[in-house]
Amino acid sequence: MKLLLLAAPGGGKGTQGERLASLYAVQHISSGDVLRAEARAGTPVGREVAGYQRRGDLVADQIVFGLLVPAVAAAAARGGYILDGFPRTVPQAVQAFDVARRLDFTLDATVYLNLPEPVLLQRLLGRARTDDTAEVIRHRLQVFAETTSPLIAYYRDRGILLEVNGDQPAEAITAEIQARLPGP
Ligand code: AMP
């Protein structure tokens, strides 16, 4: 199973990523986690990543690709992945598609968890991440609306978008995704 999870910040990508990965016995790859780990490692690239994340800006494509593509390719070779948070821009999606074609694998579906903005805000304000301050949250929601949300139409046009109401209990969301995914 190769799935991509798309949602605004606070939309539950991490929770569904973990649940779906265990359901389908594939690896959960969170781009935010991969990038945070690099930031914590304190490498020169990590210090750059930390700056973007602190401001709520997207990390430069070149850095994201350098860290994510090897992890995604390795997971694909082992049977699949639930990818959460990458691609996050149309150029990233186009480049990711090229890589997938070169490695001869295809995405089964992109799951879009749709939630109203007041619910997202409430959830984000209830977390304790360093990029979850009111000002940075507002900026991250704006980055999603401007830069990431065009991916909804991008994947819908390719016929692989699965839109799910993300404002339900986690168990109900997982069950709905499982029921609506194309069978084996
Ligand atoms: P997340 O954990 O998915 O909310 O991501 C946290 C932060 O990591 C984002 O605000 C970005 O700074 C960065 N990030 C995660 N995924 C990407 C990506 N695909 N492209 C660029 N930046 C990303």
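Since we're looking at a predicted model, the values are computed, not measured.

A word on the pairing of strand E1 (residues 2–6)
- E1 sits mainly inside the fold: 5 of its 5 residues count as buried.
- What you see with E1 is no split at all: Lys2, Leu4 and Leu6 on one side and Leu3 and Leu5 on the other are buried throughout.
- In the sheet, E1 pairs with strand E3 (residues 81–84) via 4 bridges, with the strands oriented parallel. The residue bridging Leu4 from the neighbouring strand is Leu83, located in E3.

Description of the packing of helix H1 (residues 13–24) against helix H9 (residues 170–180)
- Between H1 and H9, the shortest axis-to-axis distance is 10 Å and the interhelical angle comes to 50°. On the basis of their axis angle, the class for H1 and H9 is oblique. In terms of crossing hand, the pair formed by H1 and H9 is right-handed. Across the interface between the two elements, Thr15, Gln16, Arg19, Leu20, Leu23 and Tyr24 of H1 pack against Ala170, Glu171, Ile173, Thr174, Ile177 and Gln178 of H9.

Focus on unusual backbone geometry
- For the bond from Phe86 to Pro87, the omega torsion is -5°, close enough to zero to count as cis.
- Within the secondary structure, Pro87 is located in the loop between E3 and helix H5 (90–102).
- Its identity is not glycine, yet Ala25 carries a phi of approximately 55°, on the positive side.
- For Ala25, the position within the fold is in the loop between H1 and strand E2 (27–30).
- Residues other than glycine seldom take positive phi values, yet Asp104 does so here, at roughly 65°.

Some thoughts on the environment of Ser30
- Looking at the secondary structure, you find Ser30 in strand E2.
- Along the sequence, Ser30 and Lys13 sit 17 residues apart, while their C-alpha atoms lie 8.5 Å from each other.
- Polar contacts involving the side chain of Ser30 include one to the main-chain amide nitrogen of Asp33, which spans 3.0 Å.

Considering helix H6 (residues 117–125)
- Buried within H6 we find Val119, Leu120 and Leu124. Along H6, the residues classed as buried sweep out an arc of 130° about the axis, all on the same side. In H6, the exposed positions that point more than 90 degrees away from the buried face belong to Pro118, Gln122 and Leu125.

About the cut-offs
- Residues numbered from 1 in each chain as written.
- Predicted model: local features only at pLDDT ≥ 70, side-chain atom pairs only at ≥ 80, totals over all residues.
- Heavy atoms only, no water.
- Buried < 20%, exposed > 50% of the residue type's maximum accessible area, 1.4 Å probe, protein only.
- Helix = DSSP H or I, 4+ residues; strand = E, 2+ residues; numbered from the N terminus.
- Pairing = 2+ DSSP bridges.
- Axes fitted to C-alpha atoms, helices over the stretch in contact; angles between N-to-C directions.
- Parallel < 35°, antiparallel > 145°, perpendicular 65-115°, else oblique.
- Left-handed = near helix turned anticlockwise from the far one by under 90°.
- Contact = heavy atoms within 4.5 Å.
- Polar contact = N/O pair within 3.5 Å; in protein donor to acceptor, adjacent residues only side chain to side chain.
- Arc of directions from axis to C-beta.

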